[in-house]
Amino acid sequence: LFRSNISWSTSSEIVNKGFSVERQSNVANGKFESIGFVASKAPGGNSQTPLYYSFTDEAPVANGVNVYRLAQQDLDGKIS
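Residues numbered from 1 in each chain as written. Predicted model: local features only at pLDDT ≥ 70, side-chain atom pairs only at ≥ 80, totals over all residues. Heavy atoms only, no water.

Caption draft 1: Quick look at the pairing of strand β4 (residues 51–57). Only one face of β4 is buried, namely the one carrying Leu51, Tyr53, Phe55 and Asp57, since none of Tyr52, Ser54 and Thr56 on the opposite face is buried. Two elements, strand β1 (residues 4–10) and β4, share seven bridges in a ladder whose sense is antiparallel. Considered in β4, the bridge of threonine 10 is made with leucine 51. (Buried < 20%, exposed > 50% of the residue type's maximum accessible area, 1.4 Å probe, protein only. Helix = DSSP H or I, 4+ residues; strand = E, 2+ residues; numbered from the N terminus. Pairing = 2+ DSSP bridges.)

Here you go:
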C-alpha cells in the first residue's frame with residue numbers, strides 16, 4: 001500500500017481555521033482536488049510560536065506524479 005506523508009509548519013498564525021490539503025495527480029491538466037482538512041492547532045486560531053502539522057494521503061495516484069499544496073482558511077472563511 002502506497003502512502004504519501006506531508007509535513008509543514010507555521011511560524012505564527014492569525015485567525016487560522018486550518019488547512020485544506022489539495023492534490024494534483026495529473027500535472028498536465030493543472031487541476032487540484034481537496035483530499036482532506038487539518039484543523040489549526042492554535043488556540044482560537046492565533047499563535048506566535050511555531051506549530052507543526054502532518055497529513056497522510058492514503059490514496060495517491062500510483063505510478064504517477066502527485067503534487068500537493070495547502071489552502072489556508074481563516075475563521076471567517078477567507079482562503080489563501
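Caption draft 2: Spatial organisation of the sheet that holds strand β5 (residues 67–74). Read across the sheet, three strands follow the order β3-β2-β5 without closing on themselves; strand pairing throughout is antiparallel. A single partner strand is all that each edge strand has here, and the edge strands are β3 (33–39) and β5. Shown here is a sheet whose adjacent strand axes are inclined to one another by a mean of 25°, direction ignored. As judged from the eight bridges shared by strand β2 (residues 16–24) and β5, these two strands associate in the antiparallel manner. When the bridges of β5 are listed, glycine 18 appears paired with glutamine 73. (Axes fitted to C-alpha atoms, helices over the stretch in contact; angles between N-to-C directions.)

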